[in-house]
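Analysis of the macromolecular model
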Amino acid sequence: MSYLSVLGLGAGAGQDVGRSCILVSIAGKNVMLDCGMHMGYNDDRRFPDFSYITQNGRLTDFLDCVIISHFHLDHCGALPYFSEMVGYDGPIYMTHPTKAICPILLEDYRKITVDKKGETNFFTSQMIKDCMKKVVAVHLHQTVQVDEELEIKAYYAGHVLGAAMFQIKVGCESVVYTGDYNMTPDRHLGAAWVDKCRPDLLITESTYATTIRDSKRCRERDFLKKVHETVERGGKVLIPVFALGRAQELCILLETFWERMNLKAPIYFSTGLTEKANHYYKLFITWTNQKIRKTFVQRNMFEFKHIKAFDRAFADNPGPMVVFATPGMLHAGQSLQIFRKWAGNEKNMVIMPGYCVQGTVGHKILSGQRKLEMEGRQILEVKMQVEYMSFSAHADAKGIMQLIRQAEPRNVLLVHGEAKKMEFLKQKIEQEFHVNCYMPANGETTTIFTNPSIPVDISLGLLKRETAIGLVPDVKKPKLMHGTLLMKDNSFRLVSPEQALKELGLTEHQLRFTCRVHIQDPRKEHETVLRVYNHLKGVLKDYSVQHLPDGSITVESILIQATAHSEDQGTKVLLVSWTYQDEELGSYLTALLKKGLPQSST
Amino acid sequence: LFQYCLSGHPTLPCNVLKFKSTTIMLDCGLDMTSTLNFLPLPLVQSPRLSRLPGWVLKDGSTFLDKELKECSGHVFVDSVPEFCLPETELLDLSTVDVILISNYHCMMALPYITEYTGFTGTVYATEPTVQIGRLLMEELVNSIERVPKAQSASMWKNKEVQRLLPAPLKDAVEVSMWRKCYTMPEVNAALSKIQLVGYSQKIELFGAVQVTPLSSGYALGSSNWIIQSHYEKVSYVSGSSLLTTHPQPMDQASLKNSDVLILTGLTQIPTANPDGMVGEFCSNLAMTVRNGGNVLVPCYPSGVIYDLLECLYQYIDSAGLSNVPFYFISPVANSSLEFSQIFAEWLCHNKQTKVYLPEPPFPHAELIQTNKLKHYPSIHGDFSNDFKQPCVVFTGHPSLRFGDVVHFMELWGKSSLNTVIFTEPDFSYLDALAPYQPLAMKCVYCPIDTRLNFIQVSKLLKEVQPLHVVCPEQYTQPPPTQSHRTDLMIDCQPPPMSYRRAEVLTLPYKRRYEKIEIMPDVS
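Residues numbered from 1 in each chain as written. Chains lettered and ligands numbered in written order. Predicted model: local features only at pLDDT ≥ 70, side-chain atom pairs only at ≥ 80, totals over all residues. Heavy atoms only, no water.

Under an unreviewed UniProt entry, the name given to chain B is Integrator complex subunit 9, and the organism recorded is Urocolius indicus. What UniProt states about chain B under its Sequence similarities (unreviewed entry) heading is, verbatim, "Belongs to the metallo-beta-lactamase superfamily. RNA-metabolizing metallo-beta-lactamase-like family. INTS9 subfamily." (UniProt positions renumbered as here; feature names shortened; annotations may be inferred.)

In the nomenclature of an unreviewed UniProt entry, chain A corresponds to Integrator complex subunit 11 from the organism Urocolius indicus. Comment text from UniProt for chain A, heading Sequence similarities (unreviewed entry), reads "Belongs to the metallo-beta-lactamase superfamily. RNA-metabolizing metallo-beta-lactamase-like family. INTS11 subfamily." In the Cofactor (unreviewed entry) part of its UniProt record, chain A is described as follows: "Zn(2+)".

Quick look at the structure:
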């Protein structure tokens, strides 16, 4: 019996959609899954508490590798802090697009925190660069051998460009970690997929644990209607987004709508990241959905006609406009600035297209707060309309169930969700799939027992000999096989008894069973023998039954001899003798003979 | 463990491996050298070609003069060009379970196999291999279908007749098996049977065998394959390169500990150094243009052309060629240039780093932006309006038998100012030029073949130490034209097992153990 354990780090992943950072121990290997930052905090609590991993000793010695599922900061934001400030020099794995985009978002965030808010004790640009040097990029489905025993494999996750799920495997034991994923293809990405890899444990996000979201089309129509109405009445629409991800999907949506309706109101996209972001999508187009990939030579979906770069001065321009601004949770930067300018006018609208963590302005206005306390004790009154539209590409309950069906895990562990919703999903999973489902709290270690099969080398000679014996192999019937298990030099081998004896220098001892069966038969001994012979031959059609010159019968290697009873000549004694190896056939024969001989035989 | 050898062409292999009751086809290359026996297909009526005299037998009989034409002492078949297929009779191809493709040049026979033999299995290839392979097939089908030819010659194929023909027609093998080009619907059907794989992905076949593609460094997405069970390992090395060009470097370490290593796709020009050839290419190109001539580069729409464009990008300003237009003409020119930019994960480290910036990995994006390189689907349409001379034209097909290149050969062949530069190594340039003789145009031969040469092979074999090496017979002796060059053959211990077309080899291996799993409660 062996086990694997899972530990959610700090006020992180488990039961709070704050950040992801999970430690998995599997067959003696320690793997850290994601290294996220909590956007709702501005102090120490923003990073995971890595002292949970090991109190003494270096992280590099303790961790075998780190895996980053995608470029969102709640999954990779603490990486430079972890590798450069706490200190980790081992390998960090992520996909190519994540490796390309991750440092840009980190640098962007660093600038907001350090340059704008003037915080110290934060990682530097150089640290981001040094950290990225430790990153090894992986292909989808590539099996990466981290060391001789530990291997990892990435699967497409859909959520954002380059997002991946990871399988972590040591010997026969495995864990699949989903990161964030999306089971329905959207306007720019495909759906997540994993093969039937039957992991011992599936660690899945559960952001939308209870939601079965209405059809995507409806949500899109709703979104376009709201934007259109606001623009028609001369209002301004603010859409806080992250530079990469949902932004591109919504841009494609608005671009086609503007084209179709021949609208004139300007659409802007803030920050210098825009063009760069779209460029990433163009160069990593193989990670987008089928339709975009197929048509990119004729028309690249990421070259927008109606969407222009935003300048800070535009915010004060009169008349309607639509502005995409970063960051997505209104916690800092340009989106917050524009929000402050426009919040006072009821004609305007802010549309939150994704989830906001607790503590952010986005979360506050979504939970109905209309008076916000800003920095410097200023009170901001929100008169503009606040709309929430879930466009963030997480799997809903249906999607999570679908993934479980695909992977067929033996255990499921829910992370990255809210406790109440997770409880509901947990029950549903246990009911439908009859597997254990866990939802650990922060800092709680979950231990899962596994029952791995033991790989054994079988000698080919033995295998061929054993399959050749007796009947033609029938796949539907189990078959007995005799062999000797040798445990030598830390490996298991199954060999023939003769070979084992030879290798170990032992002499063979034979164990024979002998059994006497009494039959009533007044005839002479050799006639009884003949009757027995004919009977057995009739019943055991597939075995070799032989009548030997010395008067005995053999069935395969089992010997049968008949003698008259010393006291009662009408009773014949059948001596049945077989070796331990033929136990099955031997006991079958004795039972058969005990029933007596059929009357009609002559 | 058996190997059925269906192709005798060392760089366009097609082998079938029977391994633990699975039947695995390794590549299905299409030998296109057969097309050299045919007359070119001109895009516009060529008076010269239509005036060629019919061929007359020595005894004066003229019954073949409709099918065979003579040009400068060579005889050509006047018919739709045909290709030499891999052997289809050696074993029942409908029993093939999987086909493993190593690079886009080695999949050109795929539609013949998947659509005509009752094949029901799966094909495995990397994404760039499939996308670029599709482009190559599209170009091939397009350039043949766009010039419909009424005549389909078959009389000359009669064994009795073929015996009377001059070389090389007389010696052509299996002419009865030569086939016309497939169609686009067949290409699409064949490609739909492909399952995409990534480098180092382990693919289980029926739980018995595991196959894994490895980077081979030769072309975008090109791979070598490991075919293994728990105790046997066969490495299939096909079209590999150790030079630093655009693709991801070759993965050599994973080839170690093989029981058998099948070695195909070595360089076809073992005596030429690719770097030197690129230099010669540039200087010949510059010289011709400076003298007011045009340069024609017959090429495939993908592969070495990316490297040539990159060299020219660095070269043209210093050589004072900034105002010379470069044209790339192919029905798939635009797609090829676009596709080359989106396979970041399959490129060498330098190019990957560029994508992270994010910048396009190949500088031809800039050549297009600055209007130095223009691409057109064909010589018809926009091209005829934009066409300015002197210029440099990249176009296909390298055999000079079909495609837009035929037009430029006819157009520029009469002037000694112009130059045709051969860079693709697949066809003998003299044979390619034969139906255009007499020719005034200059011909330069700069074959660029980045695949392994014999020095690199022996280093590789020393490094990975396979127990046995299997290779085409051509590699076990010096080239016929340079019989004294004993360095131009594979040298290893034990000596390699060689194969030729239509042979079946029994590969040596001995396994003593098999892997099983026992349930924990049994132990």
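In a beta sheet, neighbouring strands are held together by backbone hydrogen bonds and run either parallel or antiparallel to one another. Residue and element names in this part refer to chain B. In spatial order, the strands read E8-E7-E6-E3-E2-E1-E22; together these seven strands make up an open sheet with mixed pairing. Single-partner strands in this sheet number two, and they are strand E8 (194-197) and strand E22 (503-506). Each strand axis lies, on average, 25° off the axis of its neighbour in the sheet, ignoring direction. Pairing of strand E6 (residues 98-100) with strand E7 (residues 122-126) involves three bridges; the strand directions are parallel. Paired with Leu100 across the bridge in E7 is Tyr124. Its contacts with the sheet place helix H3 (residues 127-145) against E7 and E8, and it is angled at close to 100° to E7. (Pairing = 2+ DSSP bridges. Helix = DSSP H or I, 4+ residues; strand = E, 2+ residues; numbered from the N terminus. Axes fitted to C-alpha atoms, helices over the stretch in contact; angles between N-to-C directions. Contact = heavy atoms within 4.5 Å.)

For helix H12 (residues 397-407) of chain A, the set of buried residues is Ala397, Gly399, Ile400, Met401, Leu403, Ile404 and Ala407 of chain A. For H12 of chain A, the secondary structure elements touched by its buried residues are strand E9 (164-170), strand E11 (201-205), strand E20 (411-415) and helix H13 (419-433) of chain A. (Buried < 20%, exposed > 50% of the residue type's maximum accessible area, 1.4 Å probe, protein only.)

This part is about the domain arrangement of chain A. Each assigned domain of chain A is listed here: domain 1 (2-212 + 393-450), domain 2 (216-388), domain 3 (457-504) and domain 4 (512-595). Between domain 2 of chain A and domain 3 of chain A, the C-alpha centre-to-centre distance is 67 Å. (Domains from an automatic or database assignment.)

Our next topic: empty space enclosed by the protein. Residue and element names in this part refer to chain B. Enumeration according to the criterion identifies three cavities of 30 Å³ or more in this entry. Counted as a void, the second largest cavity has a volume near 160 Å³. If you trace the second largest cavity, you find 15 residues lining it, with Leu30, Met32, Tyr300, His397 and Asp426 closest to the centre. Across the lining of the second largest cavity, the residue classes break down as eight nonpolar, four polar and three charged. Residue-level mapping places the lining of the second largest cavity at the junction of two domains, with at least three residues from each of domain 1 (2-34 + 82-267 + 451-504) and domain 2 (274-445). (1 Å grid on protein atoms, 1.4 Å probe; cavity = no way out; pocket = protein on both sides within 12 Å on 5 of 7 lines; lining within 4 Å. Points joined across faces, edges and corners; volume = space filled by probe spheres on them. Nonpolar A, V, L, I, M, F, W, Y, C, P; charged D, E, K, R; others polar.)

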